[in-house]
Amino acid sequence: IEALPTRGMAPAEVQVGKALGDQQGGSSCSCTCGIFRSELCDTSAPERLHDFQGTMSLGHVAELRAQAAYFQEGVGNVSWSGLKWNNIRNQEDVMLWLQHGLLPVLWNQVGRDTAVDVDKMFDSSADTILATRTTPGIFMNWMQIVGGVRLRQRRLQQGDCSLDPRLQERFSPSCYTEFLQVSPFGPGIGSYAEGFVPEDVMGAFDVRYSLGTPFREILENFQYMLKEHNWVGEASQSLQIQAAMVHGEATPPFFVMFEVRFDFKRSGYVAKELNIFLTATDMFPTTLEVVLHILWALILFSLLFTQSFKTMSTYLSTRKKQLFAVDVRFVSDWIVIVFSIFIVGFFVLIQQSIWDLAALVQEMPQYSPSATASEMETHERSWTLILDRVDEAAFFFDYFRVALFWYTLVIATQFSKIFAGQPKLAQLMSAFTHASEDLLHFCLLFLVLFLSFAIGGFMIWGMIMEEWSTPGKAVNSTLRALMGEVKLEEMYSYAPFGTLVWYGSFFVSIVVITLNLLVAMVYDHYTIIKGRAGSVAGVVEQLYWVSQDMSARLKGKSLWVKLTCCLRRHERIPMHRDLLEVCMEKAKLPNVERKAISSSVLGAKWTKKERERQLFSGQDVPETDEQTPVLPDFDEVDIDPEYADSLAAHAKEYAEAGYDPEDARVSQLRQLVAAAEDEIIDMRLRLQSCAEYTRQSMHGLTRRVDSLEQLVHSTLAELVTIANEAGVPTGGKARKGAQSPAAPTSPSATGATGQTALTGLGGSRQESKQEIDMVKKWHKASRAVNVRAARAEPPPNAKFFGPR
């Protein structure tokens, strides 16, 4: 929309309208046309020269004067040639654009440079003499304005300035507070003047232009009332031009809230916004929409019923209470349910407001130029109320779309159930969950670096470039630079050195290092999860196993049962979830492993590997019956034998299909290590037994040696004593050269003694009395022998085989 001097020109004086001109009578002048000036008043001239002769009404004369005045003034006398939206810089530009641009477009005014239809000049019944005829209120060919247009201004109260008193005394500026003005101003101080007296809405000064009002009257009010008395001035905070429209050609038809907003900043900047808010007149335009909403309601009701039943059964069952865990899926289900109920309530509120709005539009009275003042006021209040209701409905509908955006994200969490049932998708979800903590720390690091560069860019180019003029725009420009969209040449032209430093460090630290660090971190976690999961089935392979299971379930069934299999429950073929609970119950798995298996399709494999790792590391693991055959347990649950055999065969095939050489190698290594550990333990036990036996035997041998040594010493001591008593010299005394006084000195005596001793030992003669006395002396000497002290006693558990 461009403001042009040919449109929106208010008359220099109040024009005489067609209706008033018709009341005053027609003009007495006649108009004719001729080739030469002398022929204009010559009645004898050919008749064809007087084709346009006739009488004009005063209303048509007024229009003709207005058109002629524009060309008499000349376009060159106008101080401006055109003003577009992007060129609006101040309050004067705003008022000029409204008068010569927006308002003429909304009323479809024809410019003063438009050609005049000469045939209509002499037709008193014609509405206008202009060649082009338009209908006011048709915007962009399809949208129809409802009632009229409202201009709403908000003003600020004047207050004290926070300026230095000396400067304030010298310059005496006008300062305003943050509070809205609620008192009349201008012509509204002495009497009521529309636009200068606040309305019911706090701080709102409204000017209403009904669509049926002649546009020249609107221009007169705008030029000689609003602009003349500075309706938009220093105290103005914002200006809104609002219009409610109906678009009947769209599918579905909708109400349009058209709003042009200007915010006058205290710095002199004018912020411009053009807002279009849409609200459908019918939330169910087609049958497909109705069917989709019904299906959505059924799914929501099914989810609510399922979760309510699950919660109640868990609460009433002691065993399920032990297995129950507030996991992400359970919380997600209830968030979806609560959010869905909120969406339903929001939807009902919007639908009711649309129905009320449609009723108000139907009940709005028609505009009539001959209506009384009260009727005109009623009409004005009616379309103003419709405008407020459209604004309210558009406000709710806008937030409803935002709520639907968050609702789609909440619904997306429901797919986590599906992902948890597919091995490869479960790998991706587990990798994301496994990396969540590292991702959180990465986000903190990235946020600090990113904001540092954004603030740095704001400091460098904030006073020069619009893209960096505010902190919010600086963050947006930094994000665009991260995506590669950066005005590097313009930035370099303003700050060459700062641009080199900023962009170079930004590219290296953010793009090269940080983003690659993110990729490496995610890849590392995915590698860990994939290594834990091993070889898993894809979607196509899983569909094959599902088809095999469905075929086994429906084997021998009729066509009708096969077509309605999803809606039927077979007594002897329970659901997979129930079978899983039975298997885990029979296997006596601990609660932790049951929760892990129930939460993800990879839970069984992970728990098995964790159990093997714990067993391999020697940790205490609860005993289970997971290696027990499952078919006898199926017989106890009363499952169809054919389906049980088929299920067992499919499970075996699935396990063989998921064979992973790496897992097999690790398992074999673990078995070898376990076997080696068993052998080492046996050897350790044998060595301990041998050491104990050897220790006990050595203690016994040591005791026997000690006893033998003690006996030898005792015998030697007796021999020495006997020899001393008998006067026989010992080896030590002989070496010293001493002789016993009782020992015989003659060879005959020695020989006799030796003979007596030998005879006493091996002979059979009868001993003499002297020999018997000698033996008695020996026994007496042996009893007087002092046996040496005993050695250290052996341990109490040592076996003793010799004499004590």
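Values in this document were obtained by computation on a predicted structure and should not be read as measured data.

1. Details of the overall build of the protein
Along the protein, the regular secondary structure elements total 27 helices and 7 strands. Taken across its 804 residues, the protein has 32% of its residues classed as buried. Looking at the protein as shown, the accessible area adds up to about 50,900 Å², and 61% of this sits on carbon and sulfur atoms.

2. Here's the deal with the pattern of salt bridges
According to the stated counting rule, one finds 12 salt bridges in the structure shown. Residues arginine 208 and glutamate 199 are paired through a salt bridge, measuring 3.5 Å at the closest nitrogen-oxygen approach. The class for arginine 208 is buried, based on a relative accessible area of 15%. Across the salt bridge formed by glutamate 377 and arginine 381, the nearest N and O atoms sit 2.6 Å from each other. Separated by 4 residues within a single helix, glutamate 377 and arginine 381 lie in helix 10 (residues 373–412), roughly one turn from each other. Take glutamate 377: its relative accessible area is 40%, and that puts it in the partly exposed class. Overall, the relative accessible area of 58% leaves arginine 381 in the exposed class. Here the salt bridges do not stand alone but share partners, grouping Arg152, Glu199, Asp206, Arg208 and Glu380 into one network.

3. Focus on the packing of aromatic side chains
Evaluation of the coordinates by the stated rule reveals 29 aromatic pairs. Measuring from centroid to centroid gives 5.7 Å for tryptophan 85 and phenylalanine 262, while their planes differ by 40°, and the two rings are tilted. Here tryptophan 85, found in the loop between helix 2 (58–73) and helix 3 (91–106), pairs with phenylalanine 262, found in strand 6 (residues 254–264); they are 177 residues apart in sequence, far enough to count as distant. We classify tryptophan 85 as partly exposed; its relative accessible area is 23%. Judged by centre distance (6.0 Å) and plane angle (65°), the rings of phenylalanine 339 and phenylalanine 342 are edge-to-face. One end of the pair, phenylalanine 339, and the other, phenylalanine 342, are both in helix 9 (residues 328–363), 3 residues apart, so they sit about a helical turn from each other. Exposure remark for phenylalanine 342: the relative accessible area of 43% places this residue in the partly exposed category. Taken together through their ring pairs, the aromatic side chains of Phe284, Trp296, Phe339, Phe342, Phe346, Phe347, Phe395, Phe396, Phe397, Tyr399, Phe400 and Tyr407 make up a single cluster.

4. Looking at the nonpolar core
Formed by 45 residues in total, the largest nonpolar core has its most connected members in Trp231 and Phe262. Put simply, the parts of the chain that give this core at least two residues each are helix 3, strand 2 (143–159), strand 4 (204–210), helix 6 (215–227), strand 5 (236–247) and strand 6. At 9 residues, helix 3 tops the list of elements feeding residues into this core. Judged by nonpolar contacts, the second largest core, of 16 residues, contains Leu303, Phe346, Phe400 and Val410.

5. Some points on unusual backbone geometry
Going from threonine 251 to proline 252, the amide bond is cis rather than trans, its omega being 0°. The phi dihedral of asparagine 230 falls on the positive side, at around 50°, and the residue is not glycine. For asparagine 230, the location among the structural elements is in the loop between helix 6 and strand 5. The class of asparagine 230 is exposed, set by a relative accessible area of 54%.

6. Remarks on the pairing of strand 5
Burial of strand 5 is extensive: 10 of the 12 residues sit out of reach of the surface. Of the strand pairs in this sheet, strand 2 and strand 5 are connected by 10 bridges, and their pairing is antiparallel. From the neighbouring strand, methionine 143 faces strand 5, where its bridge partner is histidine 247. As paired strands, strand 5 and strand 6 are joined by 10 bridges and run antiparallel to one another. Residue pairing across strands places histidine 247 opposite phenylalanine 254, the latter belonging to strand 6. Connecting strand 5 to the next strand, strand 6, in antiparallel fashion are 6 residues.

7. Considering the side chain of histidine 650
The topology assignment puts histidine 650 in helix 23 (residues 641–657). Apart from residues lying up to four places away in sequence, histidine 650 is in contact with Trp545, Gln548, Asp549 and Ala552.

8. Some remarks on the packing of helix 19 (residues 576–587) against helix 20 (residues 591–599)
Taken N-terminus to C-terminus, the directions of helix 19 and helix 20 make an angle of 155°; their axes are 11 Å apart at the nearest point. The angle between the axes of helix 19 and helix 20 places the two elements in the roughly antiparallel class. In this structure, the crossing between helix 19 and helix 20 has a hand that is right-handed. Between helix 19, through Leu580, Glu581, Met584 and Glu585, and helix 20, the contact on the second element is made entirely by Arg594, Ile597 and Ser598. Residues that form the contact of helix 19 with helix 20 fall into these classes: 3 nonpolar, 1 polar and 3 charged.

9. What to know about a negative patch on the surface
A contiguous patch of negative charge on the surface is contributed by Glu677, Asp678, Glu679 and Asp682. Note that glutamate 677 resides in helix 24 (residues 661–726). On the basis of relative accessible area, glutamate 677 is assigned to the partly exposed category, the value being 41%.

10. Quick look at empty space enclosed by the protein
Over the atoms a probe the size of a water molecule is rolled, and this reveals where empty space is left. With the rule as written, the count across this model stands at 1 cavity of 30 Å³ or more. For the largest cavity, the calculated volume is near 30 Å³. Lining the largest cavity are Ser353, Asp356, Leu357, Arg389, Glu392 and Ala393. Of all the secondary-structure elements, those providing two or more residues to the lining of the largest cavity are helix 9 and helix 10. A breakdown of the residues in the lining of the largest cavity according to their chemical character gives 2 nonpolar, 1 polar and 3 charged.

11. Here we look at a nonpolar patch on the surface
A cluster of nonpolar side chains, namely Leu288, Val290, Val291, Leu292, Ile294, Leu295 and Leu298, defines an oily patch on the protein surface of about 620 Å² accessible area. Mapped onto the secondary structure, valine 291 falls in helix 7 (residues 287–316).

12. Quick notes on the pairing of strand 6
Within a regular beta strand, the side chains point alternately toward one face of the sheet and then the other, so they alternate between its two faces. Across the 11 residues that make up strand 6, a large majority, 10, are buried. Counting the residues between successive antiparallel strands, the hairpin from strand 6 to strand 7 (residues 270–280) contains 5 residues, one of them, glycine 268, with a positive phi of roughly 100°.

13. Some words on helix 17 (residues 539–553)
Helix length check: helix 17 (15 residues) gives 21 Å between terminal C-alpha atoms against 21 Å at 1.5 Å per residue, within 8%. Buried within helix 17 are the following residues: Trp545, Asp549, Ala552 and Arg553. On an axial view of helix 17, the arc spanned by its buried residues comes to 105°, and they lie on one face. Turned more than 90 degrees away from the buried face of helix 17, the exposed residues are Val540 and Leu543. Where helix 17 is buried, its residues touch helix 19 and helix 23.

Basis of the calculations
- Residues numbered from 1 in each chain as written.
- Predicted model: local features only at pLDDT ≥ 70, side-chain atom pairs only at ≥ 80, totals over all residues.
- Heavy atoms only, no water.
- Helix = DSSP H or I, 4+ residues; strand = E, 2+ residues; numbered from the N terminus.
- Buried < 20%, exposed > 50% of the residue type's maximum accessible area, 1.4 Å probe, protein only.
- Areas by Shrake-Rupley, 256 points an atom, 1.4 Å probe, with all protein chains shown as cover.
- Salt bridge = Lys/Arg side-chain N within 4 Å of Asp/Glu carboxyl O.
- Phe/Tyr/Trp six-rings, centres within 6.5 Å; stacked < 30°, edge-to-face > 60°.
- Core = buried A, V, L, I, M, F, W, Y, C linked by side-chain atoms within 4.5 Å.
- Pairing = 2+ DSSP bridges.
- Contact = heavy atoms within 4.5 Å.
- Axes fitted to C-alpha atoms, helices over the stretch in contact; angles between N-to-C directions.
- Parallel < 35°, antiparallel > 145°, perpendicular 65-115°, else oblique.
- Left-handed = near helix turned anticlockwise from the far one by under 90°.
- Nonpolar A, V, L, I, M, F, W, Y, C, P; charged D, E, K, R; others polar.
- Patch = residues over 30% accessible without salt bridge, like charges linked within 9 Å, V, L, I, M, F, W, Y side chains within 5 Å.
- Lys, Arg positive; Asp, Glu negative; His and termini not counted.
- Charge placed at Lys NZ, Arg CZ, Asp CG, Glu CD.
- 1 Å grid on protein atoms, 1.4 Å probe; cavity = no way out; pocket = protein on both sides within 12 Å on 5 of 7 lines; lining within 4 Å.
- Points joined across faces, edges and corners; volume = space filled by probe spheres on them.
- Expected span 1.5 Å × (residues − 1).
- Arc of directions from axis to C-beta.

Just geometry here; none of it tells us what the structure is for.
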